Amino acid sequence: MRIDEQRPARWADEQPRTRWIDQAAFSHRPDLRLGARSHRLDRAGGTAVDRISVRHTVRTSTAEYSLLLNAPEWLGHRGVGEALRDAVAELRAIDLTYGPNQPDSLVSKLRRGEISPESYPPLADLVNRCAAMRAATDGWFDAWAVPGGFDPGGLLNGWAVERAAARLRAAGVHDYAVLCGADLTVRGHAAHGGPWRVAVHHPTDAQRAPLVLEMTAGAVGTSGVSGRQGHVVDPHTGEPADQLVAATVVGPDLTVADAYATALYAAGPAGLAWFRNGSDYRALFAHRRR
């Protein structure tokens, strides 16, 4: 089942952020590709004048992140390097400080009852995000319905990416893409000077043409493309979710899109109701398991 009938609503602070492209008329090479067939960065089609283009990949204990910066020349190579350093440091710090698999992380201490969420403001924000998404998805995203206690893994990578992106903006870089697997957040313009061109491939059918988006701000969150069955649990039964093989959601913020994709993967087609009534988030793909 492919869900792309509705055009996205214009989001309040920028318009338009995302535009659906007619694949038949699309003649440019995508900047980014997402999906089971290819999570890769395509070679840039040239760099705009007065810009510094940088690509960097960093691995943490649980994920690999790719950062593409299209920075203004006035920032200088040193300034761009410092911005990149700050963003990478944020990703590494979140892995060590909030990863549920790290025994000394704040999340692990919270699970053991050694601290409260209010002990650290970022931890409180993470817990509040999980609580908000539990309410928004009718309990289908539930970080507390996991063996062992609170586990924010369903949105942790998205939260990490958005915090790293905030570091880039604070350092003066407002044109960037940050990817983690089949998830990404983008802002501004690519190295060629136009919107980021993102090809979202079908997660199971390599022969199907990708859905192409032009984005100047927004995010794509995906659950299920790793091929690992049982990695998302139905919070109502405690059993592995098995209705869908993949779910992809687009919207303004990757933390939210990531959580929605996880919840949609767990809920199946019933979760499509969350994206009606003027929601800023849209389901791009929701594929039934055969």
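Residues numbered from 1 in each chain as written. Predicted model: local features only at pLDDT ≥ 70, side-chain atom pairs only at ≥ 80, totals over all residues. Heavy atoms only, no water.

1. Let's talk about the overall build of the chain
Helix and strand content of the chain: five helices and 12 strands. The proportion of buried residues among the 290 residues of the chain is 52%. Contacts in the chain between residues at least 24 apart in sequence constitute 64% of all its contacts with a sequence separation of at least 6. (Helix = DSSP H or I, 4+ residues; strand = E, 2+ residues; numbered from the N terminus. Buried < 20%, exposed > 50% of the residue type's maximum accessible area, 1.4 Å probe, protein only. Contact = heavy atoms within 4.5 Å.)

2. Brief notes about the confidence of the model for the chain
Of all residues in the chain, 83% attain a pLDDT of 70 or more, and the chain-wide mean is 84. Confidence over residues 1–16 falls short of pLDDT 50; this stretch has 38 contacts with residues more than four positions distant or in other chains. (pLDDT = per-residue confidence, 0-100.)

3. Quick look at unusual backbone geometry
In the Ramachandran plot, Asp-138 falls in the positive-phi region, its phi being about 55° despite a non-glycine side chain. Structurally, Asp-138 is set in the loop between helix H3 (121–136) and helix H4 (153–170). In this structure, Asn-277 takes a positive phi of about 60° despite not being glycine. Along the chain, the position of Asn-277 falls in the loop between helix H5 (254–267) and strand E12 (282–288). On the basis of relative accessibility, which here comes to 82%, the residue Asn-277 falls in the exposed class.

4. Here's the deal with the side chain of Asp-31
Residue placement: Asp-31 occurs in the loop between strand E1 (18–21) and strand E2 (32–34). We classify Asp-31 as buried; its relative accessible area is 6%. Within the structure, the side chain of Asp-31 is placed 2.7 Å from the backbone nitrogen of Arg-197, a separation counted as a polar contact. (Polar contact = N/O pair within 3.5 Å; in protein donor to acceptor, adjacent residues only side chain to side chain.)

5. A short note on the nonpolar core
It is characteristic of soluble globular proteins that their nonpolar side chains tend to be buried jointly. Leu-67, Tyr-98 and Leu-264 are the most contacted members of the largest nonpolar core, which has 63 residues in total. Among the elements that make up this core, the one with the highest residue count is H5 (11 residues). Leu-34, Leu-179, Val-220 and Phe-285 belong to the second-largest nonpolar core, a separate cluster that totals 18 residues. (Core = buried A, V, L, I, M, F, W, Y, C linked by side-chain atoms within 4.5 Å.)

6. Focus on the sheet that holds strand E6 (residues 176–180)
An order of E4-E5-E6-E7-E10-E11-E12 is seen for the seven strands of this open sheet, with the pairing classed as antiparallel. Two strands bound the open sheet, and with one partner strand each, they are strand E4 (51–59) and E12. Adjacent strand axes in the sheet meet at a mean angle of 5°, parallel and antiparallel pairs treated alike. With five bridges joining them, E6 and strand E7 (residues 183–187) adopt antiparallel strand pairing. Opposite Leu-179, over in E7, you have Leu-184 as the bridge partner. Of the strands in this sheet, strand E5 (64–72), E6, E7 and strand E10 (217–223) are in contact with H4, which crosses E6 at around 155°. (Pairing = 2+ DSSP bridges. Axes fitted to C-alpha atoms, helices over the stretch in contact; angles between N-to-C directions.)

7. Quick word on H3
When the terminal C-alpha atoms of H3 are compared, their 22 Å separation across 16 residues agrees well with the 22 Å that a helix rising 1.5 Å per residue should span. Taken together, the buried positions of H3 are occupied by Leu-123, Ala-124, Leu-126, Val-127, Cys-130 and Met-133. Packing partners of the buried residues in H3 comprise helix H1 (76–98), helix H2 (106–111), H4 and H5. Once H3 ends, the next one or two residues include Asp-138, with phi positive near 55°. (Expected span 1.5 Å × (residues − 1).)

8. Considerations on the pattern of salt bridges
It is possible for side chains of opposite charge to pair when their charged atoms get near one another. Applying the stated criterion across every chain, the model contains 11 salt bridges. The residue Asp-86 makes a salt bridge to Arg-85 at a minimum N-O spacing of 3.2 Å. Across the pair Asp-253 and Arg-129 runs a salt bridge whose closest N-O atoms are separated by 3.5 Å. Of the two residues, Asp-253 is situated in the loop between strand E11 (244–251) and H5 and Arg-129 in helix H3; the sequence distance between them amounts to 124 residues. (Salt bridge = Lys/Arg side-chain N within 4 Å of Asp/Glu carboxyl O.)

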